[in-house]
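Understanding the architecture of this molecule
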Amino acid sequence: MPLHERLRPYRAAFASRFLQMLQYRTAAYAGFATQCWWGGIKVMVLAAFYAGSAGDGAPMSLAQAITYTWLAQGLLALLPWLGDPEVAQAVRTGSIAYDRMRPVDAYTLWFVRSAGWIAARVLPRLALMLAFAGLALPLAGLGAWAWQPPAGVAAGLAFAASALLALLLSAALVMLLNIAAVAALNERGINALAAPVVIVFSGNLLPLVLLPDAWQTALLLQPLAGVMDIPARIYFGQLAGLQALGGLALQAGWIVLLVVLGRAAMAHTMRRLEVQGG
């Protein structure tokens, strides 16, 4: 069978989940309003931090830290802090058995569904955040607190590539949460444990570069940095040239490793699967 024929069901699964999630416009507007509120609070905290002596010699400027904050708020839905609720519902109701019977690869099917779910939640909020923080704030005379453009054309293009890899990396991490939910038959405890870890180590709470110097190498190499911090560093030009390529390679490497790990974990879990519901 030709490759495009084999990929057709997965393209259809991604498109259907993406279009389904785009229908929840009210959720996107509500999420955007909440993220603007928290983004404003974080920007004011950063402004106070940089206004004091604590901001002297900081590894990124205040303008970069503010842009990082708006970028993090716009990409908040990209963070893999909870599993796919569709998978969790299938576990609770027992309809997960249908996925085992489909003539497709179950891991790839769940992966593309999760990627569509993530992408559809991220894109509207990111566009709204850019319109607010990148366009509305400068027009309102608050340019110092606005979302600044990338360091250059090359940085912008590299950021776009990094953001795409971040989506795939997030989906690979969500797949591990999905598989854990299948094994535990419940997703609540797993999501509760994942959320604080993801928020801190992705850089969403605070840019990782502002954390202690002794932690920097480990923070950059761990997989959650590839979801938020590495794209942001590429956006600012802190990772440029060969360093940017290294950041992209690190993201791609984690994707491959996590997919291999996820496939092995899913195969093991599905052999011991207990279907409940009815």
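Structure report, in brief. For every chain, the first residue of the written sequence is number 1, and numbering continues from 1 along that sequence. Local features are withheld for residues below a pLDDT of 70 in this predicted model, meaning they are given only at 70 or higher, and side-chain atom pairs are given and counted only at 80 or more; totals for whole chains, interfaces and linings count all residues. Calculated side-chain values reflect all of the structure's heavy atoms, with hydrogen atoms and water omitted.

Another point: the nonpolar core. Side chains that are nonpolar tend, in soluble globular proteins, to be buried together. We call a set of buried Ala, Val, Leu, Ile, Met, Phe, Trp, Tyr and Cys residues a nonpolar core when their side-chain atoms join them within 4.5 Å. Three exposure classes are used, based on accessible area relative to the maximum for each residue type with a 1.4 Å probe and protein chains only: buried under 20%, partly exposed in between, and exposed over 50%. Grouped together as the largest cluster of nonpolar side chains are 72 residues, with contacts concentrated most on Trp-70, Leu-78, Trp-110, Ile-118, Met-228, Ile-234 and Met-266. The contact definition used throughout considers only heavy atoms, calling two residues in contact when any of these lie within 4.5 Å. Apart from residues no more than four positions distant in its own chain, Trp-70 is found in contact with Cys-36, Gly-39, Gly-40, Val-43, Met-129, Phe-132, Ala-133, Leu-137, Trp-145, Ala-146 and Trp-147.

Axis separation between helix 3 (residues 62–74) and helix 6 (residues 106–139) bottoms out at 8 Å; the angle between their running directions is 150°. Viewed along their axes, helix 3 and helix 6 adopt a mutual orientation that is roughly antiparallel. Between helix 3 and helix 6, the residues in contact are Trp-70, Gln-73 and Gly-74 and Val-122, Arg-125, Leu-126, Met-129, Phe-132, Ala-133 and Leu-137, respectively. For this scheme, ten residues count as nonpolar: Ala, Val, Leu, Ile, Met, Phe, Trp, Tyr, Cys and Pro. Four count as charged, namely Asp, Glu, Lys and Arg, and the remainder, Gly too, count as polar. Tallied by class, residues from the contact of helix 3 with helix 6 come to seven nonpolar, two polar and one charged. Angles run from 0 to 180 degrees between N-to-C directions of axes, and those axes are lines fitted to C-alpha atoms, restricted for helices to the stretch in contact. Every helix listed is a DSSP run of H or I at least four residues long, and every strand listed is a run of E at least two residues long, numbered separately from the N terminus. Here is the rule for angles: anything less than 35 degrees is roughly parallel, anything more than 145 is roughly antiparallel, 65 through 115 is roughly perpendicular, and the remaining ranges are oblique.

On to the packing of aromatic side chains, then. Any two of the Phe, Tyr and Trp rings considered here, Trp counted by its six-membered ring, make a pair once their centres fall within 6.5 Å; the pair's planes then place it as stacked at under 30 degrees, edge-to-face at over 60, or tilted in between. Under the defined criterion, the tally for this structure stands at eight aromatic pairs. Ring centres of Phe-14 and Phe-18 lie 6.1 Å apart, and the angle between their planes is 15°; on these two criteria the pair is classed as stacked. Highlighted residues: Phe-14 and Phe-18, both in helix 1 (residues 3–22), separated by four residues, approximately one helical turn. Phe-14 sits in the partly exposed class, given a relative accessible area of 30%. Relative to Phe-132, the ring of Phe-32 lies with its centre 6.3 Å away and its plane at 80°, an arrangement referred to as edge-to-face.

Right, let's talk about helix 10 (residues 229–236) for a bit. Burial of helix 10 is extensive: eight of the eight residues sit out of reach of the surface. Within the sequence span of helix 10, burial applies to Asp-229, Ile-230, Pro-231, Ala-232, Arg-233, Ile-234, Tyr-235 and Phe-236. On its buried face, helix 10 is in contact with helix 3, helix 7 (153–184), helix 9 (216–221) and helix 11 (242–271). Where helix 10 ends, the next residue or the one after it, Gly-237, has phi of about 85°, a positive value.

The topology assignment puts Arg-17 in helix 1. By relative accessible area, Arg-17 is classed as buried at 5%.

Running from N to C, helix 2 (residues 25–51) and helix 6 cross one another at 45°; their axes reach a closest spacing of 9 Å. By the criterion of interaxial angle, the relationship of helix 2 to helix 6 is oblique. For the pair helix 2 and helix 6, the crossing hand works out as right-handed. Along its contact with helix 2, which presents Ala-27, Ala-28, Tyr-29, Gly-31, Phe-32, Gln-35 and Cys-36, the element helix 6 presents Pro-124, Arg-125, Leu-128, Met-129 and Phe-132. Should the near helix be turned anticlockwise from the far one by less than a right angle, the crossing is termed left-handed; should it be turned clockwise, right-handed.

So, about a nonpolar patch on the surface. Like-charged residues within 9 Å of one another, or nonpolar side chains (Val, Leu, Ile, Met, Phe, Trp, Tyr) within 5 Å, are grouped into patches, provided each residue has over 30% relative accessible area and no salt bridge. Surface accessibility follows the Shrake-Rupley procedure with a 1.4 Å probe radius. Residue values consider only the protein chains on display as shielding. The rule for a salt bridge is simple: a side-chain nitrogen of Lys or Arg has to be within 4 Å of a carboxyl oxygen of Asp or Glu. Taken together, Val-197, Val-200, Phe-201, Leu-205 and Leu-206 make up a surface patch of nonpolar side chains, about 380 Å² in accessible area. By secondary structure assignment, the location of Phe-201 is in helix 8 (residues 188–201).

With that out of the way, let us pick up the environment of Gly-31. Checked against the element boundaries, Gly-31 lands in helix 2. Along the primary structure Gly-31 and Ser-202 are separated by 171 residues, whereas in three dimensions their C-alpha atoms are 19 Å apart.

Following the sequence through the fold, Leu-135 ends up in helix 6. Judged by its relative accessible area of 55%, Leu-135 falls in the exposed class. Spatially, the C-alpha atoms of Leu-135 and Tyr-107 are 41 Å apart, while their sequence positions differ by 28 residues.

Let's shift gears to the side chain of Glu-187. The residue Glu-187 is located in the loop between helix 7 and helix 8 in this model. The contacts of Glu-187, once residues within four sequence positions are left out, are Ala-88, Arg-92 and Ala-181.

Interpretation in functional terms is not warranted from these geometric data alone.
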